[in-house]
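Geometric and topological summary
Here is how the chains run, residue by residue.
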Amino acid sequence: MTGPVPELADRAVACANRLLEADRVLLASHIDADGLTSAAIAASALERAGLPFETVFEKQLDEAAIESIAATEYETVLFTDFGSGQLDIIGECEDAGAFTPVIADHHQPAERDTEYHLNPLLFGINGASELSGAGASYVLARALADVSGQADADDPPVATDGGTATAATGTEAHADNRDLAALAIVGAVGDMQASGGELHGANAEIVAEGVDAGVLETGTDLAIYGKQTRPLPKLLEYATDVGIPGISNDEAGALRFLEDLDLELKRDGEWRRWAGLTNEEKQVVASALVKRAVSRGVPAGKIDQLVGTSYVLRTEPVGTELRDASEFSTLLNATARYERADVGLAVCLGDRGEALERARSLLRNHRRNLSQGIDLVTQEGVTHEDHIQWFHAGDRIRETIVGIVAGMAMGNAGVSRSKPIFAFAEKSAEEASGSGGDAEVKVSARGTHSLVRRGLDLSVVMGEASRAVGGDGGGHDVAAGATVPSGAEDEFVVRADEIVGEQLS
Ligand code: C5P
Ligand code: C5P
Ligand code: C5P
Ligand code: ZN
């Protein structure tokens, strides 16, 4: 069997065999939606393969984090959704005999390599658009099931825990780990790997496996965030990516638009949600939206973006955040980016009680913060250099979400989509003490796929510009991050502006 991504099959099998040699494994992952789903996939696969493990999360895999991992008794460490960019430091630990690393990641690798390193970029697959950390973990999970003989066992593990995720899934998909494809797609969508309204390449192969296994459903649908949970007027009011005059960002306008349609869009006085409409009702709303956009002069290319592929988790209840890959990923970010990765992981692993309740309350808080952050950027504006634009949020936006805010603000008044955006935020004092007490600043950078096609690579920009001022960073071509010493911001901006200028020339 070659697995969902043939290019990665041999390496995945080598990594799986190495894991099976271990008595126990330390699983280390990143604190965002992709990192959480990566951890959940790896945890499920390790458990099904009968390997004892423990899970830890890190905001950033810096030297201090790697040292604390090296200080544990674990001889085998599985890194998911990070590790490649830190192979220089990890390699030193390996040389010193601290542990053997197994890595399932999709970030730009450091100069050094290691034997059990599963990363799409090593095999000509794009790590920003074709495979996420969760996707790499899924490839590993499929190989683990295969080499551990899990799928061929006389009595494959049957879903006895009563969880919806496993109960609705065939034992077969469970035994070969194909049921985990749903989480892999939540991770890919959370890392914003979809472009032109859908997932591509290896991600699309994983989607196909998930559909086959009965855990995923795809369809052409409105490409607007919140189809499962947002009441219709809010769905349309907040749909600002396409921007329909008189509806987007216009509470009264969105209400009027819906009220003018000849449909019963309220039940018991409450607005219904998109996911609960019949196909006929969806048709009516969608064509009215398109008609309005056309009549208000929205360009055809923009109108096309109103429709895309939706990724639906079939085993989750309709009308919940968990049903839609995009809403699920936001729910996870709302836990992990607020030091509650444990909550998000529990939800991924099937906890539909206390953990889900807690995650939903964290989500309300996350939404508030995103919306306040976007208001702040839009009101105060950004500073335009020749090739980049930037803002400094100080301590007014959490450093863990400043990148999400920057990405969402692009396209708002005064924030261009034709230049990458760089966002600074202060790191908490507690973290600075981990770096010897010197104050540090987080920088997040976001671009667009069209800038990347013109040559933009933010991972290179963040790496070079941060190291030039005594910091460090990396990531992907379209989204990257760094940490720099406090006070070095201006010098960093000058360097970043120069490098972006060279890339786009
Ligand atoms: O560390 P990791 O790869 O998981 O994070 C990628 C980050 O880049 C995510 O926060 C995601 O939202 C962001 N991203 C983006 N725009 C893209 C691609 C990724 O903002 N087009
Ligand atoms: O939070 P996350 O990075 O997962 O958000 C992904 C995308 O979902 C955002 O870029 C935004 O378009 C949309 N979103 C939204 N409202 C929210 C959260 C996310 O429209 N409250
Ligand atoms: O934190 P932020 O959302 O801006 O991260 C964007 C991307 O840059 C993520 O993929 C993250 O893993 C990466 N990053 C990095 N090194 C840093 C900070 C972020 O590789 N110091
Ligand atoms: Zn990732």
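Cut-offs and rules
Residues numbered from 1 in each chain as written. Chains lettered and ligands numbered in written order. Predicted model: local features only at pLDDT ≥ 70, side-chain atom pairs only at ≥ 80, totals over all residues. Heavy atoms only, no water. Near = heavy atom within 4 Å. Polar contact = N/O pair within 3.5 Å; in protein donor to acceptor, adjacent residues only side chain to side chain. Areas by Shrake-Rupley, 256 points an atom, 1.4 Å probe, with all protein chains shown as cover. Nonpolar A, V, L, I, M, F, W, Y, C, P; charged D, E, K, R; others polar. Domains from an automatic or database assignment. Contact = heavy atoms within 4.5 Å. Buried area = accessible area lost by both parts, 1.4 Å probe. Salt bridge = Lys/Arg side-chain N within 4 Å of Asp/Glu carboxyl O. UniProt positions renumbered as here; feature names shortened; annotations may be inferred. Helix = DSSP H or I, 4+ residues; strand = E, 2+ residues; numbered from the N terminus. Pairing = 2+ DSSP bridges. Axes fitted to C-alpha atoms, helices over the stretch in contact; angles between N-to-C directions. Buried < 20%, exposed > 50% of the residue type's maximum accessible area, 1.4 Å probe, protein only. Parallel < 35°, antiparallel > 145°, perpendicular 65-115°, else oblique. Left-handed = near helix turned anticlockwise from the far one by under 90°.

Describing the site of ligand 1
Near ligand 1 there are 15 residues, and of these Asp32, His107, Asp191, Arg446 and His476 occur at the shortest range. Within the contact set of ligand 1, an oxygen atom lies 3.3 Å away from a side-chain nitrogen or oxygen of Arg337. With the chains in place, 89% of the 470 Å² that ligand 1 exposes on its own is no longer accessible. Classifying every residue of the shell around ligand 1 gives 3 nonpolar, 6 polar and 6 charged. A domain-level breakdown of the shell around ligand 1 finds at least three residues from each of domain 1 (6–215) and domain 3 (381–504).

Quick word on the domain arrangement of the chain
Looking at the assigned domains, one finds that the chain contains domain 1 (6–215), domain 2 (220–367) and domain 3 (381–504). Relative to domain 3, the C-alpha centre of domain 2 lies at a distance of 29 Å. Counting residues at the interface gives 5 residues for domain 2 and 4 residues for domain 3. For the pair domain 2 and domain 3, the two sides together bury roughly 490 Å², of which 49% comes from carbon and sulfur. There are 1 salt bridge connecting domain 2 and domain 3. Counting across the domain 2 and domain 3 interface gives 3 residue pairs in polar contact (both at pLDDT 80 or more). Looking at the side of domain 2 that touches domain 3, its residues break down into 1 nonpolar, 2 polar and 2 charged.

Details of the UniProt feature "domain: DHH-CID" (unreviewed entry) in the chain
Annotation from UniProt places "domain: DHH-CID" (unreviewed entry) at residues 224–307. Structurally, residues 224–307 is divided into 44% helix and 6% strand, and its ends, taken at the C-alpha atoms, are 8 Å apart.

Quick look at the site of ligand 3
In the vicinity of ligand 3 there are 16 residues, among which His107, Lys442, Ser444, Arg446 and Gly481 approach most closely. A distance of 2.7 Å is found between an oxygen atom of ligand 3 and a side-chain nitrogen or oxygen belonging to Arg446. Take His476: an N or O atom from its side chain is 3.4 Å from an oxygen atom of ligand 3. Here ligand 3 loses 84% of its free accessible area of 460 Å² to cover by the protein chains. Counting only elements with at least two residues in the shell around ligand 3, the list comes to strand 13 (440–446), strand 14 (472–475) and strand 15 (479–485).

Brief notes about the sheet that holds strand 5 (residues 117–118)
The 5 strands lie next to each other as 2-1-3-4-5, forming an open sheet whose pairing is parallel. Only two strands of the sheet have a single partner each, and these edge strands are strand 2 (53–58) and strand 5. Alignment of strand 3 (residues 76–80) against strand 4 (residues 100–104), held across 5 bridges, turns out to be parallel. Within strand 4, the residue paired with Leu78 across the bridge is Val102. Packing against the sheet, helix 5 (residues 133–147) makes contact with strand 3, strand 4 and strand 5, and its axis sits at approximately 115° to strand 4.

Let's talk about the environment of Asp81
Mapped onto the elements, Asp81 comes out in the loop between strand 3 and helix 4 (87–95). Residue Asp81 is classed as buried on the basis of its relative accessible area of 1%. Among residues more than four places away in sequence, those in contact with Asp81 are Ser29, His30, Asp32, Asp34, Gly35, Ser38, Ala104, Asp105, His106, His107, Gly133 and Asp191.

Description of the sheet that holds strand 13
Spatially, 10-11-12-13-15-14 is the arrangement adopted by the 6 strands of the open sheet, whose pairing is mixed. Strands at the two margins of the open sheet, each flanked by one partner only, are strand 10 (383–384) and strand 14.

Description of the packing of helix 1 (residues 9–21) against helix 5
Between helix 1 and helix 5, the shortest axis-to-axis distance is 8 Å and the interhelical angle comes to 60°. Looking at the two axes, helix 1 sits oblique to helix 5. In terms of crossing hand, the pair formed by helix 1 and helix 5 is right-handed. On the side of helix 1, the interface is formed by Ala12, Val13, Cys15, Ala16, Asn17, Leu19 and Leu20, while helix 5 contributes Val139, Leu140, Ala143, Leu144 and Val147. Counted by class, the contact of helix 1 with helix 5 contains 11 nonpolar, 1 polar and no charged residues.

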